[in-house]
Amino acid sequence: MESTMGNGGYTGGSAYSREVGYGEALKLFFANYIKFEGRSNRGEYWKAVLLLIVINIVVGVVDTILTGAGGVPFLGMIFSLVTLVPSLAIGARRLHDIGKSGWWLLIGLIPLIGFIILIVWFAKKPDPAQNQYG
């Protein structure tokens, strides 16, 4: 069964391999900011993460210019708050794509080991068939 959701989120079937560009990945990231159900493919996840890292670096440079090296990074704090929930949502959807519950994000709280496990899972090939998450 091939289907995609109205907001571009993946729901299962053979449509999974749909390629998204960087702009579309960022658009989907913010469009699905509180959507914890469904699936997100690897391209959508990793392209959004890469763009967020680049934006975070730019925001950090602007913060340093505006506040100096010892100042409080207000823009960075605001950017982090704005992207916190969408980051958790896309992480949960990416875990759904490999057949795992979004609650597995909590394994990232285990120092180093949890972070490594999550990176491996986020890089893992998806379940091609529909699963309990879509």
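What counts as what
Throughout, residues of each chain are indexed from 1 in the direction in which the sequence is written. Local features in this predicted model are restricted to residues whose pLDDT is 70 or higher, and side-chain atom pairs enter the listing and the counts only when it is 80 or higher, whereas totals over whole chains, interfaces and linings include all residues. Side-chain metrics in this entry use all non-hydrogen atoms of the structure; hydrogen atoms and water are not considered. Under the pairing criterion, centres of Phe, Tyr and Trp rings, with the six-membered ring standing for Trp, must be within 6.5 Å; the plane angle then separates stacked pairs below 30 degrees from edge-to-face pairs above 60, leaving the rest tilted. The helix count covers DSSP runs of H or I at least four residues long, the strand count covers runs of E at least two residues long, and both are numbered beginning at the N terminus. Partly exposed describes any residue whose relative accessible area lies between the buried limit of under 20% and the exposed limit of over 50%, with all areas from a 1.4 Å probe on protein chains only and scaled to the type maximum. As a reminder, the over-ring test applies to NZ of lysine and CZ of arginine, requiring each to be within 6 Å of the ring centre and within 35 degrees of the ring normal. Like-charged residues are merged into a patch within 9 Å and nonpolar side chains (Val, Leu, Ile, Met, Phe, Trp, Tyr) within 5 Å, provided each residue has over 30% relative accessible area and no salt bridge. In this description, accessible areas are obtained by the Shrake-Rupley approach with a 1.4 Å probe, and a residue is regarded as covered only by the protein chains that are shown. A side-chain nitrogen of Lys or Arg and a carboxyl oxygen of Asp or Glu constitute a salt bridge if their distance falls within 4 Å.

Enquirer: Sorry, what's going on with the packing of aromatic side chains here?
Expert: Each aromatic ring pair is specified by the distance between its two centres and by the angle formed by the two planes. Tallied over the entire structure, the rule returns four aromatic pairs. Judged by centre distance (5.3 Å) and plane angle (85 degrees), the ring pair of Trp104 and Trp121 falls under edge-to-face. With a gap of 17 residues between them, Trp104 in the loop between helix H3 (74–97) and helix H4 (113–123) and Trp121 in helix H4 connect regions that are remote in the sequence. Look at Trp104 and you get partly exposed, because its relative accessible area is 41%. Cluster of aromatic residues (ring-pair linked, three or more members): Tyr45, Trp46 and Phe122. The ring of Tyr22 has Lys47 lying over it, and the distance from NZ or CZ to the ring centre is 5.4 Å. The aromatic ring of Trp121 is capped on one face by Lys100, whose charged end is 4.7 Å from the ring centroid.

Enquirer: Just checking my understanding: could you explain a nonpolar patch on the surface for this structure?
Expert: A grouping of Tyr22, Leu50, Ile53, Val54, Ile57, Val58, Val61, Val62, Ile65, Leu66 and Leu75 is seen on the molecular surface, where their side chains present a nonpolar patch of about 1000 Å² in accessible area. Mapping Leu66 onto the fold places it in helix H2 (residues 42–67). By relative accessible area, which is 62% here, Leu66 ends up exposed.

Enquirer: Can you help me understand the pattern of salt bridges in this one?
Expert: When charged atoms on two side chains of opposite charge get close, those side chains can pair. One pass over the full model with this rule turns up four salt bridges. As a salt-bridge pair, Glu44 and Arg93 come within 3.7 Å of each other at their nearest N and O atoms. Here Glu44, found in helix H2, pairs with Arg93, found in helix H3; they are 49 residues apart in sequence, far enough to count as distant. The class for Glu44 is buried, based on a relative accessible area of 1%. Taken together, the salt bridges that share partners define one network made up of Arg39, Arg94 and Asp97.

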